[in-house]
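Chain by chain, the residues run as shown.
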Amino acid sequence: MQKLCIFGKKSAICESLISRISNYVAFDRIGFDVTNFTNIDQFDFSNYDTVINFAGHSKGNFKSPIDNSWQNYLDQSLVNFVSHVMIAKKYMSQNIKGRYIWFSSTTANDCRPYQSVYGASKKATEYTFSSWSTEYPSFKFVNLRLGRVKTGHLYNTFEQTKTKDQCDAEYNLSPFLTADHVANEVLKVLECNKSLTLELKP
C-alpha cells in the first residue's frame, strides 16, 4: 500500500480525497507552511511513494493589478511556484522514483489581466516540471490542470468581501466541477507510472 504525504489538507478537494484513502500524513498551513523553505529542506520525504500538494493562493485576484496588494502577489509566487519547486527538489533527492501530484489552472494558458500573476505562477511551475521530467524520467510529475471547481477558493479570492452564499451564486453563473469529481481524478492517478498533465474542465 502506498504511503502518501499531503499538503493543504483543508482544501475541499483534499477533504474529499482523504475520506476515501488511508496510510497518509496530511498537513494544513499551521502544521506545515509550504513557504517555510527551511522546513522543506529539513523534511524527510524518503518514506513516501507519493506527495500531493493542494496548497494554492489566489487572494485579491478580483482586484486590478494596481489595486491588489504586493503581499498577495508575492505570496502567489511563493505558494504557486517556489514552494512546488522546493518540495519537488527535496523529494526527488530522497526518492528519485517518487510521484508528485499538484494542481495547475486553465488560467496558466488563458487568463484575464487581474489573474496574470496567478496564471504566470502556475505556468512557471508547469514549465519547470516539464523540463525536469526529461532530466529525471523515473520521477513522475502529475499535473491536474483545473478549470472552475466549486470550493472555498472563490471565497478566499474575494478576501471575505463576499459572503459564502454570494460566492456560491457566483459559481452558479457558469458550469463548474465539484471537489468530489476532482478527488476521483486524483484517485485515478495515484498509480500513474509516468509524468503527465491532465486538464479537467466542466
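Residues numbered from 1 in each chain as written. Predicted model: local features only at pLDDT ≥ 70, side-chain atom pairs only at ≥ 80, totals over all residues. Heavy atoms only, no water.

J.: Before we move on, can you summarise the overall build of the chain with the specific residues and values?
T.: For the chain, the helix and strand inventory stands at seven helices and eight strands. A compact globule built from 202 residues should have a C-alpha radius of gyration of about 17 Å, and the chain, at 16 Å, falls within 12% of that. For the chain, the proportion of contacts with a sequence separation of at least 24, taken over those separated by at least 6, is 71%. Accessible surface, the chain: about 10300 Å² in total, of which carbon and sulfur atoms supply 51%. Treating the 23 positive side-chain charges of the chain as one cloud and the 19 negative ones as another, the clouds have centres 3 Å apart. (Helix = DSSP H or I, 4+ residues; strand = E, 2+ residues; numbered from the N terminus. Rg over C-alpha atoms; globule rule 2.2 N^0.38 Å. Contact = heavy atoms within 4.5 Å. Areas by Shrake-Rupley, 256 points an atom, 1.4 Å probe, with all protein chains shown as cover. Lys, Arg positive; Asp, Glu negative; His and termini not counted. Charge placed at Lys NZ, Arg CZ, Asp CG, Glu CD.)

J.: How would you sum up the packing of aromatic side chains? Please name residues and give values.
T.: Scanning the model with the defined rule gives 20 aromatic pairs in all. Centroid distance Phe-129 to Phe-141: 4.7 Å. Interplanar angle 25°. Geometry classified as stacked. One end of the pair, Phe-129, is in helix α4 (residues 116–135); the other, Phe-141, is in strand β5 (residues 140–146), with 12 residues separating them in the sequence. Classification of Phe-141 as buried rests on a relative accessible area of 4%. Across from the ring centre of Phe-158, 4.4 Å away, lies the NZ or CZ of Lys-162, which sits over that ring. (Phe/Tyr/Trp six-rings, centres within 6.5 Å; stacked < 30°, edge-to-face > 60°. Buried < 20%, exposed > 50% of the residue type's maximum accessible area, 1.4 Å probe, protein only. Lys NZ or Arg CZ within 6 Å of the ring centre and 35° of its normal.)

J.: Hey, could you go over the sheet that holds strand β3 (residues 50–53) for me, with residue numbers and the actual values?
T.: Overall, parallel pairing links the six strands, which are arranged β2-β1-β3-β4-β5-β8 in an open sheet. At either end of the open sheet lies a strand with only one pairing partner, and these are β2 (24–27) and β8 (196–200). Between one strand axis and the next, the sheet turns through 15° on average, direction left out of account. The pairing of β5 with β8 spans five bridges and is classified as parallel. Note that in β8 the partner of Arg-145 across the bridge is Glu-199. Relative to strand β4 (residues 99–105), α4 is tilted by about 145°, and along the sheet it contacts β4 and β5. On the sheet, helix α7 (residues 179–189) packs against β3, β4, β5 and β8 and is oriented at approximately 150° with respect to β4. (Pairing = 2+ DSSP bridges. Axes fitted to C-alpha atoms, helices over the stretch in contact; angles between N-to-C directions.)

J.: Can you break down the packing of helix α3 (residues 70–94) against α4 residue by residue, with the values?
T.: Interaxial distance between α3 and α4 falls to 8 Å at its minimum, and their mutual angle equals 15°. Classed by the angle they form, the pair α3 and α4 counts as roughly parallel. Between α3 and α4 the crossing geometry is right-handed. From α3, Tyr-73, Gln-76, Ser-77, Asn-80, Phe-81, His-84, Val-85, Ala-88, Lys-89 and Met-92 reach across to α4, where they touch Val-117, Tyr-118, Ser-121, Lys-122, Ala-124, Thr-125, Thr-128, Phe-129 and Trp-132. Here the residues of the contact of α3 with α4 are counted per class, giving 10 nonpolar, seven polar and two charged. (Parallel < 35°, antiparallel > 145°, perpendicular 65-115°, else oblique. Left-handed = near helix turned anticlockwise from the far one by under 90°. Nonpolar A, V, L, I, M, F, W, Y, C, P; charged D, E, K, R; others polar.)

J.: An account of the environment of Ala-55 is requested, with residue identities and associated values reported.
T.: Inspection of the secondary structure puts Ala-55 in the loop between β3 and α3. The buried category is assigned to Ala-55, whose relative accessible area is 16%. Separated by 48 residues in sequence, Ala-55 and Phe-103 have C-alpha atoms that sit 8.5 Å apart. Apart from residues lying up to four places away in sequence, Ala-55 is in contact with Phe-7, Gly-8, Val-34, Val-79 and His-84.

J.: Any details on the nonpolar core? Residues and values, ideally.
T.: One finds Ile-6, Ile-13, Ile-52, Phe-54, Phe-103 and Leu-146 to be the most contacted residues of the largest nonpolar core, which totals 25 residues. Of all the elements in the fold, those that place two or more residues in this core are β1 (4–7), α1 (12–18), β4, β5 and α7. When residues in this core are grouped by element, the largest group, five residues, is from α7. Ignoring anything within four residues of it in the chain, the contact list for Ile-6 reads Cys-14, Ile-18, Ile-21, Tyr-24, Val-25, Ala-26, Phe-27, Ile-52 and Phe-54. (Core = buried A, V, L, I, M, F, W, Y, C linked by side-chain atoms within 4.5 Å.)

J.: For unusual backbone geometry, give the residues involved together with the corresponding values.
T.: Positive phi, close to 60°, is recorded for Asn-23, a residue that is not glycine. Along the chain, Asn-23 falls in the loop between α1 and β2. Even without glycine at this site, Glu-159 takes up a positive phi of about 50°. Among the secondary structure elements, Glu-159 is positioned in the loop between α5 (153–157) and α6 (164–171). A residue is classified by how much of its surface remains accessible, and Glu-159, at 24% relative accessible area, is partly exposed.

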